[in-house]
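Geometric and topological summary
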Amino acid sequence: MPTKVIAVANQKGGVGKTTTAVNVAACVAAVGRRVLLFDLDPQANATSGLGLEKVEGASAYRPLLGEGSLLEKIQNTSFEHLEIIPSEMDLCGLDIELARAEDHLQQVKRAIQPVVESQRFELILVDCPPSLGVLTLNALSAADGVLVPLQCEYYALEGISMLNRIMSQLHDNSLNSRLELIGVVMTMFDSRTNLSQQVVSEVREHFGERVFETLIPRSTRLAEAPSFGKPIIHYDKYSAGAAAYELLAQELLVRLDKMASLASSIA
């Protein structure tokens, strides 16, 4: 499979975005695919969620300003087939600094191109900040697709409608004509409540097959895992959260393989 760059994005915080990025990356790596997790969120929760310390100078800050190579920032993790470009607080300044640059929405695309061309990875997952600022727009400009985590609550659709408008603008302005919505994943699902059931039904009605069949449950074990620096499949392999993310990873791989087959048939 050619390297695919997938942005995990939602401008609303607290929807399970980083949890999804970390655990999908780990589950895809666990089936033998080579995965790079690119932590583009200054909060660096994906970095600590894989057991890495936040180290000054380790992030993509300099390469995104045109100083050095992003390849040099890739680090191993404790998990086979899974590597990371870590984050740290210095990324906070990039929204301002990138805005001054020419082609300021193309800097992630420029920096990540050598990583894609190296063919070291089959999948690159970019954990975006919980906003639609310059860093997220850069990630969307560089990505082949977007994976959107949505919390099972009534404000969910408001967030994704804004993201859809941004994606349309990127298409219309020729910044990224290949960008597509890979899928919507419903998170923090509680089968005991009517609210969760109603929200899932409404989102499925709106997005149809774009919504993954797998529902990510609200889970104490999922919430605990990051504090131990482990994805859920390495923290509690037999938990409901681990089973859900393993199924989600399988669904994602099926969609990506279909994309690759379609692209090769068109070529």
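Summarised in this report is the structure supplied together with it. (Residues numbered from 1 in each chain as written. Predicted model: local features only at pLDDT ≥ 70, side-chain atom pairs only at ≥ 80, totals over all residues. Heavy atoms only, no water.)

Under the definition given, this model contains one aromatic pair. Each ring, one from F228 and one from Y235, has its centre 5.0 Å from the other, and the planes form 25°; the classification is stacked. Taking relative accessible area as the criterion, F228 reaches 52% and is therefore assigned exposed. (Phe/Tyr/Trp six-rings, centres within 6.5 Å; stacked < 30°, edge-to-face > 60°. Buried < 20%, exposed > 50% of the residue type's maximum accessible area, 1.4 Å probe, protein only.)

Here we come to the sheet that holds strand β1 (residues 4-8). If you trace the eight strands from one edge of the open sheet to the other, you get β3-β4-β2-β5-β1-β6-β7-β8, paired in mixed fashion. On the outer flanks of this sheet lie β3 (75-76) and β8 (211-217), each paired with one strand and no other. Here seven bridges tie strand β6 (residues 145-151) to strand β7 (residues 180-189), and the two strands are oriented parallel to one another. If you follow G145 over to β7, its bridge partner there is E180. (Pairing = 2+ DSSP bridges. Helix = DSSP H or I, 4+ residues; strand = E, 2+ residues; numbered from the N terminus.)

Our focus in this paragraph is the state of the cysteines. Counted by the stated rule, this structure contains zero disulfides. C92 carries a free sulfur, and the closest cysteine sulfur to it, the one in C128, is 15 Å from it. (Disulfide = S-S within 2.5 Å.)

Of note, the phi angle at H81 is positive, near 70°, even though the residue is not glycine. Looking at the element boundaries, H81 is found in the loop between β3 and β4 (82-85). Its relative accessible area of 34% is what places H81 among the partly exposed residues. Positive phi, close to 50°, is recorded for D103, a residue that is not glycine. With respect to the helices, strands and loops of the structure, D103 is situated in the loop between α4 (94-99) and α5 (107-118). Of the residues examined, D103 reaches a relative accessible area of 56% and is grouped as exposed.

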